[in-house]
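Descriptive analysis of the structure
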Amino acid sequence: MAAPIIGIDLGTTNSCAAVVGEAGEVKLIPYKGGDFIVPSVVAVDGRGRELIGQEAKRQAQLNPLNTIYASKRLIGRPYRSEVVEKMRRLVPYGLAEDAHGGVVLKVGKSTRTLSEIAARVLAKIRDVAQEHLHQAIDRAVVTVPAYFTDRQRQAVKEAGRIIGLSIVRIINEPTSAALAYGAGKKLHERVVIYDLGGGTFDVSVIEIRDRIFEVRATGGDMFLGGIDFDDAIIRHVLDGFRRKHGIDLTTDPVAMQRMKDLAERTKIDLSARREAPFHVPFVAMSPQGQPLNIETAFDRALLERLTSPLVDRTIAIVEDVLAASELTAVDIDEVLLVGGQSRMPLVQEKIAKLFGKPPSKGVHPDEAVAIGAALYAHSLEENSPLRLQLLDVIPMAIGLERADGSFHVVFPRNAPIPNAKVVQATTSYAGQTELAVRIWQGDHARAGENELLGDFLFSGLRKGRKGEAQVEIIFDVNVEGILTMRAQDQATGKAIKTTIRVTQS
Ligand code: AMP
């Protein structure tokens, strides 16, 4: 029997894989000791050995500079961007610019691209799956945040190529969770998927009509997730320590890593309990050489006070996406919560208030995305009995830069995919043989405020007067949200040579 296509949830903090078995049942692929989660962490230890997953996470405290986590936030990002600047302040590992304006990470004695890091995590998942299934796995459906740009999707595909894993389809995480909830159940419902994971927030409004899953609108924030909640706790503790001892701990990576781990544990505890201690012994030395400890405590009310602005930001995005879908809260049959951070009671309360009903218990917040990916993977197999149709949208407008720097939108936000558009262009001076087009993705009116997808160069135009050559530029966004462009001479119908200079990271 041919090896199955597996479904992979390549998460910011944790990844997870699932597969549909011969009897049509979906199963998560176990990793270690019955756990299904592979931490998305890659490290190089003091002896130059590479560690991935649990082993890498376990030694993070001792080796913060060479332990890469949350790198999904950086994948496919230009080095000179606000996102990368923010990340630099949050993580202990080193970031640098590569020759194409992308980001590389310093690990051990070498540097790695973001695609290489993602490839290591994918390789680990594939190896675990192979061992479990006793079959060579070479195909996967991989999920990405709905809010991923074209470049980020390309970078994930590249990660697959690096390790010879064919990513047969990229699907959006919320859509995948909706599949886990509704595939094969003959539902007719409108659902909201609220996905608050370790690093990103995504929300989609999806209409399920039996086997058709149609995304009506999507939105999110690439910079809003569990680590920001941890960070709110850390900042509170750091401020207290600075006030008390006049010492700034932010410059000590080991102390920061210890606090990071404890902040996350405290936050998770406070989802189930009302109080949690926060003790970090021997965190610094006083000027007199006395060891100093952090000894404080959190209760749920304090955590909520520190983090409710973050939850409110998610709620505002949900309201926006609902409006974009032309629905209101009462039209929604179920709200599905996905992602570990959605377990926070405050999130559940605010969602219940907005929709006038408690969120659904229909999907497992950590497993739904991988399960949906496996179901979709199964539906792509030859002769599959499972038939699913996904109608997705692009999360942010795609367009080109006009001469005055304004943004000419080719596909608006929430445009259905696959999709194609034709844009007419012409030469702006006599004898011009090349046409350069700069493509951006985002929702700002100024092109440069958005994210650069690439510079496309159409060359070999017939020489003529200014404005004589009529060029048709065809923009194609495929089912995965990936853009390709080509151009043709309108008079001759001849294709024009296209070169893309997209920096890959
Ligand atoms: P994910 O990316 O979906 O694996 O989500 C991981 C994030 O969820 C991390 O930031 C975790 O700290 C957070 N998380 C996991 N469990 C809980 C919980 N019970 N309460 C609050 N946050 C949690």
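Remember, it's a predicted structure, so these values are computed and weren't measured experimentally. (Residues numbered from 1 in each chain as written. Predicted model: local features only at pLDDT ≥ 70, side-chain atom pairs only at ≥ 80, totals over all residues. Heavy atoms only, no water.)

It is worth spelling out the pattern of salt bridges at this point. Taken as a whole and assessed by the stated rule, the structure comprises 27 salt bridges. The residue Asp228 makes a salt bridge to Arg73 at a minimum N-O spacing of 2.9 Å. Of this pair, Asp228 sits in helix H6 (residues 226-245) while Arg73 sits in the loop between strand E7 (67-68) and helix H2 (82-90), and the two are 155 residues apart along the sequence. Here Asp228 and Arg73 have matching classes, each one buried. (Salt bridge = Lys/Arg side-chain N within 4 Å of Asp/Glu carboxyl O. Helix = DSSP H or I, 4+ residues; strand = E, 2+ residues; numbered from the N terminus. Buried < 20%, exposed > 50% of the residue type's maximum accessible area, 1.4 Å probe, protein only.)

By the assigned domains, the protein chain splits into domain 1 (6-224 + 313-392), domain 2 (226-305) and domain 3 (394-501). Relative placement of domain 1 and domain 2: their C-alpha centres are 29 Å apart. On the side of domain 2, 16 residues touch domain 1, which itself brings 19 residues to the contact. Buried area between domain 1 and domain 2, summed over both chains or domains, comes out near 1600 Å², and the portion from carbon and sulfur atoms is 61%. At the boundary of domain 1 and domain 2, one finds six residue pairs in polar contact (both at pLDDT 80 or more). By residue class, the composition of the side of domain 1 that touches domain 2 is 12 nonpolar, five polar and two charged. (Domains from an automatic or database assignment. Contact = heavy atoms within 4.5 Å. Buried area = accessible area lost by both parts, 1.4 Å probe. Polar contact = N/O pair within 3.5 Å; in protein donor to acceptor, adjacent residues only side chain to side chain. Nonpolar A, V, L, I, M, F, W, Y, C, P; charged D, E, K, R; others polar.)

This next bit is on the site of the ligand. As a structural note, the neighbourhood of the ligand is formed by 13 residues, with Gly198, Glu264, Lys267, Ser271 and Gly340 the closest of them. With respect to the ligand, the side chain of Lys267 contributes an N or O atom lying 2.7 Å from an oxygen atom. One of the side-chain N or O atoms of Arg343 is found 3.4 Å from a nitrogen atom in the ligand. Compared with its free state, where it exposes 510 Å², the ligand has 85% of that area covered by protein. Of the residues forming the shell around the ligand, the biggest block, four residues, is contributed by helix H7 (residues 253-272). Of the residues contributing to the shell around the ligand, the split by class is one nonpolar, nine polar and three charged. (Near = heavy atom within 4 Å. Areas by Shrake-Rupley, 256 points an atom, 1.4 Å probe, with all protein chains shown as cover.)

A separate point is the sheet that holds strand E6 (residues 50-52). Read from one edge to the other, the open sheet built from three strands follows the order E6-E5-E7, with strand pairing classed as antiparallel. Edge strands, defined here as strands with exactly one partner in the open sheet, are E6 and E7. Bridging between strand E5 (residues 42-44) and E6 involves three bridges; their strand directions are antiparallel. Across the sheet, residue Val44 finds its bridge partner in E6, namely Glu50. Across the face of the sheet, helix H3 (residues 114-133) comes into contact with E5, E6 and E7 while running at roughly 65 degrees to E6. (Pairing = 2+ DSSP bridges. Axes fitted to C-alpha atoms, helices over the stretch in contact; angles between N-to-C directions.)

Taken as a whole, this structure holds four aromatic pairs when the rule is applied. The interplanar angle of 85 degrees and the centroid separation of 5.7 Å between the aromatic rings of Tyr69 and Tyr93 together place this pair among those described as edge-to-face. On the criterion of sequence distance, the pair formed by Tyr69 in the loop between E7 and H2 and Tyr93 in the loop between H2 and strand E8 (94-97) is long-range, its members being 24 residues apart. With respect to class, Tyr69 is no different from Tyr93; both count as buried. The ring of Tyr181 has Lys185 sitting right over it, with the charged end atom 5.6 Å from the ring centre. Note that Lys260 overlies the ring of Tyr69, its terminal NZ or CZ placed 4.1 Å from the centroid. (Phe/Tyr/Trp six-rings, centres within 6.5 Å; stacked < 30°, edge-to-face > 60°. Lys NZ or Arg CZ within 6 Å of the ring centre and 35° of its normal.)

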